[in-house]
Amino acid sequence: MNDEWNDEELKASVEAYVEMQRDERLGQPFIKKHYYKRLAQTFGRSEKAYEYRMQNISYVLALMGRSWVTGLKPARNIDAAVAARIEKFLWEAQRQKAMPVAAFKIAVRDEMKQKNPATPHGSTSPKSRRVTVTQFRRNAPVKAWVLQQAGGVCECCEKAAPFKNVDGLPHLELHYMRQLADGGQDIISNAVALCPNCHREIHYGANAHALVAWLYDNVARLIPE
Ligand SMILES: [Zn+2]
Ligand SMILES: [Zn+2]
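It should be emphasised that the depicted structure is a prediction, and the values quoted were computed from it without experimental measurement.

## Examining helix H3 (residues 47-63)
(1) Moving on: The end-to-end C-alpha separation of H3 is 25 Å, in line with the 24 Å expected for 17 residues at 1.5 Å each.
(2) Moving on: Most of H3 is tucked away, with 12 of its 17 residues classed as buried.
(3) Moving on: Residues Ala 49, Tyr 50, Arg 53, Met 54, Gln 55, Asn 56, Ile 57, Ser 58, Tyr 59, Val 60, Leu 61 and Leu 63 constitute the buried set of H3.
(4) Moving on: Downstream of H3 by a residue or two, Gly 65 has a phi angle that is positive, lying close to 75°.

Here you go:
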């Protein structure tokens, strides 16, 4: 795993991953091994190396708060630079763009492994840059309707919203079960009202899949897309 993956090989792996994810969503059967075999024939690594790379891609998606292919359990041992390249290729393959997050998260993760870190100096004048991102136009009546149905109670943990917002309303957040970036629809059968805790957990938690399954089982209006 230590030898460099060039852009062409990494990109081809990401494209194969996105294809598998598309098939999974459409309920079309696909054989992971066929993808690994094709990559192995093209670029000359073992099939196992590509399978492992796919699990790295799941990890990058998990850091991005996105869904990943079932059966390709996220594998964490990847460095920030490779993760950043994978993230870029993922957006290219999906013809979208979002704020890059993976490299920073991995840098934090790796820093936290240090036993006795020196007190950081930080930055007195943080640098900035402009980025262009894809934003979906959201449907206000859908969000309003789902929040009203929830009545101030999180549809996941079934606890009251933890605070009121500036409008004096219980603060709940709308979450799309299949994310709009993944082709999800902006309709009530794909949306839930969550407290900030559950919303973070469903995007970034180690047990996110269990929350998704629980919601589909317990919120009657939800229809898997
Ligand atoms: Zn909750
Ligand atoms: Zn969400």
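## Some points on the pairing of strand S2 (residues 191-194)
(1) Moving on: Neither face of S2 is left uncovered, since the one carrying Ala 191 and Ala 193 and the one carrying Val 192 and Leu 194 both have all their residues buried.
(2) Moving on: Across four bridges, the pairing between strand S1 (residues 173-176) and S2 is antiparallel. Residue pairing for S2: His 175 is matched across the bridge by Val 192.

## Some words on the coordination of the zinc ion (ligand 2)
(1) Moving on: Ligation of the zinc ion (ligand 2) by protein atoms is provided by His 175 (ND1), His 199 (NE2) and His 203 (NE2), these donors lying 2.1 Å from the ion.
(2) Moving on: One chain supplies every donor for the zinc ion (ligand 2), spaced along it as H-x23-H-x3-H. With His 199 and His 203 both in helix H7 (residues 196-204) and four residues apart, this pair spans about one turn of that helix. Just as His 199 is buried, His 203 falls in that class too.

## What about the UniProt feature "domain: HNH nuclease" (unreviewed entry) in the protein chain?
(1) Moving on: The positions UniProt marks with the feature "domain: HNH nuclease" (unreviewed entry) are residues 141-200.
(2) Moving on: End-to-end, the C-alpha atoms of residues 141-200 are 23 Å apart, and along that stretch the chain is 25% helix and 13% strand.

The rules behind each value
- Residues numbered from 1 in each chain as written.
- Chains lettered and ligands numbered in written order.
- Predicted model: local features only at pLDDT ≥ 70, side-chain atom pairs only at ≥ 80, totals over all residues.
- Heavy atoms only, no water.
- Helix = DSSP H or I, 4+ residues; strand = E, 2+ residues; numbered from the N terminus.
- Expected span 1.5 Å × (residues − 1).
- Buried < 20%, exposed > 50% of the residue type's maximum accessible area, 1.4 Å probe, protein only.
- Pairing = 2+ DSSP bridges.
- Donors = N, O, S within 2.8 Å, 3.2 Å for Na, K, Ca; no water.
- UniProt positions renumbered as here; feature names shortened; annotations may be inferred.

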